[in-house]
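Listed below are the residues making up each chain.
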Amino acid sequence: MARKRKKTFPCGHKGYGQICHRCAEEAKLKERAQEVKAQKKQAKQVWKKTFESDPIDLTGLMPNLVVKARNIIHSLHDGQDYRDFGGKRLNYDRQVISIPLNRDYRMICHDIDGKPTPKSVVSHEEYNRTKPGA
Ligand SMILES: [Zn+2]
């Protein structure tokens, strides 16, 4: 058997065999990266679409807060008590219920016929600005 001899491929790399394994490997990685990119893009579109069924605007929130907000929305809808989520009625307007999502955001609900109805998600700053005398 003849000894394998290294040859130079048209791409400039050196190696054995019919094709350059280095370039083949790179092409494979590139293809995989493109697949991952396409999957990410699709996931992003799917995620974007989920906002269409939200009763209030949750776009612009961190994904974990979006999930939490949706959880609360659904639970309230199913009749769970807003106090289970740390919600409180505002002193100056008992019809308004504020439910904390985290330190920075809270969900504002209006009591409509005894049912807390989500109206918006506001940041701590926005929330303070809506307070009388703030
Ligand atoms: Zn090559």
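Everything numeric here is computed off the predicted structure, so don't read it as measured data. (Residues numbered from 1 in each chain as written. Predicted model: local features only at pLDDT ≥ 70, side-chain atom pairs only at ≥ 80, totals over all residues. Heavy atoms only, no water.)

(A) The nonpolar core, seen in detail. Membership of the largest hydrophobic core comes to 17 residues, with the highest contact counts inside it found for Leu-58, Ile-99, Leu-101, Met-107 and Val-121. The set of elements that each furnish at least two residues to this core consists of helix 2 (63-77), strand 4 (96-100) and strand 5 (105-112). Per-element accounting of this core gives the leading share, 6 residues, to helix 2. Those residues within four positions of Leu-58 in sequence are excluded, and the remaining contacts are Phe-51, Val-66, Ala-69, Arg-70, Ile-73 and Val-121. By size, the runner-up hydrophobic cluster in this structure holds 5 residues, among which are Leu-90, Ile-108, Val-122 and Tyr-127. (Core = buried A, V, L, I, M, F, W, Y, C linked by side-chain atoms within 4.5 Å. Buried < 20%, exposed > 50% of the residue type's maximum accessible area, 1.4 Å probe, protein only. Helix = DSSP H or I, 4+ residues; strand = E, 2+ residues; numbered from the N terminus. Contact = heavy atoms within 4.5 Å.)

(B) Representation of the coordination of the zinc ion within the structure. Summarising the metal site, the zinc ion is bound by the protein donors Cys-11 (SG), His-13 (ND1), Cys-20 (SG) and Cys-23 (SG), whose distances to it range over 2.0 to 2.3 Å. Because the angles between the 4 donor atoms bound to the zinc ion fall within 102 to 115°, the donor set is best described as tetrahedral. When the donors of the zinc ion are listed by position in the chain, the intervening gaps give C-x1-H-x6-C-x2-C. Of the two residues, Cys-11 is situated in the loop between strand 1 (7-8) and strand 2 (14-15) and Cys-23 in helix 1 (residues 21-50); the sequence distance between them amounts to 12 residues. Assessed through its relative accessible area of 28%, Cys-23 is described here as partly exposed. (Donors = N, O, S within 2.8 Å, 3.2 Å for Na, K, Ca; no water. Tetrahedral: all angles 85-135°; square planar, octahedral: opposite > 155°, others 65-115°.)

(C) Main features of the sheet that holds strand 3 (residues 88-89). Ordered in space as 3-4-5-6, the 4 strands form an open sheet in which the pairing is antiparallel. Strands with a single pairing partner mark the edges of an open sheet, and in this sheet they are strand 3 and strand 6 (115-123). Here strand 4 pairs with strand 5 via 5 bridges, running antiparallel. Within the sheet, the bridge partner assigned to Ser-98 lies in strand 5 and is Ile-108. (Pairing = 2+ DSSP bridges.)

(D) Spatial organisation of unusual backbone geometry. Its identity as a non-glycine residue notwithstanding, Asp-113 has a phi of 55°, on the positive side. Tracing the chain through its elements places Asp-113 in the loop between strand 5 and strand 6.

(E) The arrangement of the environment of Cys-20 in detail. Checked against the element boundaries, Cys-20 lands in the loop between strand 2 and helix 1. For the pair Cys-20 and Lys-7, spaced 13 residues apart in sequence, the C-alpha to C-alpha distance is 9.6 Å. If we ignore the near neighbours within four places in the chain, the residues touching Cys-20 are Phe-9, Cys-11 and His-13.

(F) Representation of helix 2. When the terminal C-alpha atoms of helix 2 are compared, their 21 Å separation across 15 residues agrees well with the 21 Å that a helix rising 1.5 Å per residue should span. Buried within helix 2 are the following residues: Leu-65, Val-66, Ala-69, Arg-70, Ile-72, Ile-73, Ser-75 and Leu-76. For helix 2, the secondary structure elements touched by its buried residues are helix 1, strand 4, strand 5 and strand 6. One or two residues past the end of helix 2 sits Gly-79, with phi positive at roughly 100°. (Expected span 1.5 Å × (residues − 1).)

(G) Layout of the packing of aromatic side chains. Considering all chains together, one arrives at 1 aromatic pair under this definition. Its guanidinium or amino end placed over the ring of Phe-51, Arg-70 lies 4.8 Å from that ring's centre, counting from NZ or CZ. In this structure, Arg-83 packs its charged tip against the face of Tyr-82, placed 5.3 Å from the ring centre. (Phe/Tyr/Trp six-rings, centres within 6.5 Å; stacked < 30°, edge-to-face > 60°. Lys NZ or Arg CZ within 6 Å of the ring centre and 35° of its normal.)

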